[in-house]
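# Coordinates in review
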Amino acid sequence: MHEMSLIESVVALVEDERRKQDFSRVRTIRLVVGVLGHAEPSALRFCFEAVTRGTIAEGARLEIEQVPGQGWCGSCRQSVSLSERFAACPVCGDTQVKMTDGGELRLSELEVE
Amino acid sequence: MCTVCGCGTDISTKAPGLGSRVAAHSHDHVREHSHPHSDHHHHDHVEGTIDFGSGIAGVELPGVSQQRTIRIERDILSKNDAFAHANRVRLRTTGTFALNFVSSPGSGKTSLLVRAVNDLQARWPVAVIEGDQQTDRDAERIRATGAPAVQINTGKGCHLDAHMVGHALDHLSLAPGGLLFIENVGNLVCPAAFDLGEAHKVVVLSVTEGEDKPLKYPDMFAASDLMLLNKVDLLPHLEFDVDACVAAALRVNPRIQVMRISSRTGEGLAAFYAWIAARVAATIELAGLPA
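Residues numbered from 1 in each chain as written. Chains lettered and ligands numbered in written order. Predicted model: local features only at pLDDT ≥ 70, side-chain atom pairs only at ≥ 80, totals over all residues. Heavy atoms only, no water.

### A look at the overall build of chain A
Along the backbone of chain A there are two helices and six strands. Sequence-ordered secondary structure for chain A, helices as α and strands as β, is α-β-α-β-β-β-β-β. The C-alpha radius of gyration of chain A comes to 17 Å, more than 25% above the 13 Å expected for a compact globule of 113 residues. When its C-alpha atoms are laid out on the principal axes, chain A stretches across 55 × 25 × 15 Å. Once local pairs closer than 6 in sequence are excluded, the contacts in chain A between residues at least 24 apart make up 71%. Counting only carbon and sulfur atoms, one obtains 47% of the accessible surface of chain A, whose full area is about 5000 Å². Positive and negative side-chain charges in chain A, numbering 13 and 18 respectively, have mean positions lying 2 Å apart. (Helix = DSSP H or I, 4+ residues; strand = E, 2+ residues; numbered from the N terminus. Rg over C-alpha atoms; globule rule 2.2 N^0.38 Å. Contact = heavy atoms within 4.5 Å. Areas by Shrake-Rupley, 256 points an atom, 1.4 Å probe, with all protein chains shown as cover. Lys, Arg positive; Asp, Glu negative; His and termini not counted. Charge placed at Lys NZ, Arg CZ, Asp CG, Glu CD.)

Right under this line is the structure:
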């Protein structure tokens, strides 16, 4: 379950931010996670409390914005939705669709005080 | 001490307790603003910060919330990627060609590496980093070949990360123009996301597994540049459809190269070694070392 390391990385980024900006408490952590990416939101939530305990992020609420999968189909010359990372184009069936969205794994915002 | 970040070797990426500040990582990070700010904020941005609560004219009133929102927009893997970059720079300096071997447990990675080290160490200096949750059995197997090997035990961790590999590099003296084999933790999911600074990920899939594994675990096959289909000497005893497996791998990664090998009989290994040799030559040239 590499989601534990990912949450540890999030905590490290929050610590970075605290060195730049003065805050004593993190109320909310907002992540952007693509549905075709490397992380499973339920697993991130599952380990969040345990991993953040004793850190600056303890007690924070975790919000995850999920980004749907999208790709560019060279045959159709248009953006199409992707249900899997390597799914065929839902319009023309071409299998060479280049994923453009859905791979995100980003710390977007903090609400702090 | 970590030569990348200056932290002690026992410092994990986990942040220390509340109230203490992380002093271990002092390098600057470029803040990423790779996309437009979303529409739901209607205020000016200063240095990527949206300040909802600093109070009018900076006045702070007791009992009044000073809550504010800070825009970060950093890739969660950015720390790992910075360590990976440092590893890559370090490996480039010594002209070391590094491969990160990934697979499920039981694919025959370690046996393959033992064989490859034996076959190749007369040609190039070879060093190995072994990743497992526990024990140094694999490193012992490698050391029996005479090659230097460092074992990383990840404990509960399910993958190697670039920071661990950086520390392992501290314990290896890499001869110029050599090979570094990194054997990742046996796991077809988690190691896909973590760049270690290697030149290529090599995924090892054995024919005793399902031929649809590339479709079931696409991230790993997408992240790899070479797939070694191992244990092909067992094919006569199995109903494994090699063509279907190769087609599945190419579907998730049209650029992946596939080689059929057996580390037991040696079948197909000459092609793998030729693949390595071409890339070692390029790595040595890039480092400006004598060929």
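### Some remarks on the pairing of strand β4 (residues 126-132) of chain B
It is a general feature of regular strands that their side chains alternate between the two faces of the sheet. All names here are of chain B. Where burial is concerned, most of β4 is hidden: seven out of the seven residues are buried. Neither face of β4 is left uncovered, since the one carrying Val 126, Val 128, Glu 130 and Asp 132 and the one carrying Ala 127, Ile 129 and Gly 131 both have all their residues buried. Pairing geometry for β4 and strand β6 (residues 179-183), over five bridges, is parallel. Bridge pairing links Val 128 to Phe 181 in β6. Both β4 and strand β5 (residues 149-153) contribute to a ladder of five bridges, which runs parallel. Bridge pairing in β5 places Ile 129 opposite Val 150. After leaving β4, the chain enters helix α3 (residues 137-143) and then returns to the sheet as β5, a path that is right-handed. (Buried < 20%, exposed > 50% of the residue type's maximum accessible area, 1.4 Å probe, protein only. Pairing = 2+ DSSP bridges. Right-handed = clockwise from strand over helix to strand, strands pointing away.)

### Quick look at the sheet that holds β4(B)
All names here are of chain B. Taking strand neighbours across the sheet as the criterion, the seven strands line up as β5-β4-β6-β3-β7-β8-β9 in an open arrangement whose pairing is parallel. Every other strand in the sheet has two partners, leaving β5 and β9 (257-260) as the edge strands with one partner each. Ignoring strand direction, the axes of neighbouring strands in this sheet form an average angle of 20°. Along the sheet face, helix α4 (residues 162-170) touches β4, β5 and β6 and points at about 145° away from the line of β5. (Axes fitted to C-alpha atoms, helices over the stretch in contact; angles between N-to-C directions.)

### Comments concerning the sheet that holds strand β3 (residues 70-73) of chain A
All names here are of chain A. Taken in spatial order, the three strands line up as β4-β3-β5 in an open sheet, and their pairing is antiparallel. At either end of the open sheet lies a strand with only one pairing partner, and these are β4 (78-81) and β5 (97-101). Along the sheet, successive strands turn relative to each other by an average axial angle of 40°, direction set aside. For β3 and β5, the ladder comprises four bridges, and the chain directions are antiparallel.

### Some points on the nonpolar core
Ranked by size, the top nonpolar core spans 32 residues in total, and within it Phe101(B), Phe181(B), Leu228(B), Phe272(B) and Ile276(B) carry the most contacts. Counting residues per element, the ones that place at least two in this core are β3 (97-102), α2 (109-120), β4, α3, β6, β7 (200-206), β8 (226-230) and α8 (269-287) of chain B. The element contributing the most residues to this core is α8(B), with eight residues. Counting 31 residues, the second largest nonpolar core, distinct from the first, contains Val26(A), Val33(A), Leu62(A) and Ala193(B). (Core = buried A, V, L, I, M, F, W, Y, C linked by side-chain atoms within 4.5 Å.)

### Considering the packing of helix α1 (residues 3-20) of chain A against helix α2 (residues 41-52) of chain A
All names here are of chain A. Two elements in contact, α1 and α2, have axes whose closest approach is 9 Å; the angle formed by their N-to-C orientations is 55°. Here α1 is positioned oblique relative to α2, judged by the angle of their axes. Note that α1 runs across α2; the crossing there is right-handed. Between α1 and α2, the contacting residues are Glu 3, Met 4, Leu 6, Ile 7, Glu 8 and Val 11 on the first element and Ala 43, Leu 44, Cys 47, Phe 48, Val 51 and Thr 52 on the second. Class assignment for the residues of the contact of α1 with α2 results in nine nonpolar, one polar and two charged. (Parallel < 35°, antiparallel > 145°, perpendicular 65-115°, else oblique. Left-handed = near helix turned anticlockwise from the far one by under 90°. Nonpolar A, V, L, I, M, F, W, Y, C, P; charged D, E, K, R; others polar.)

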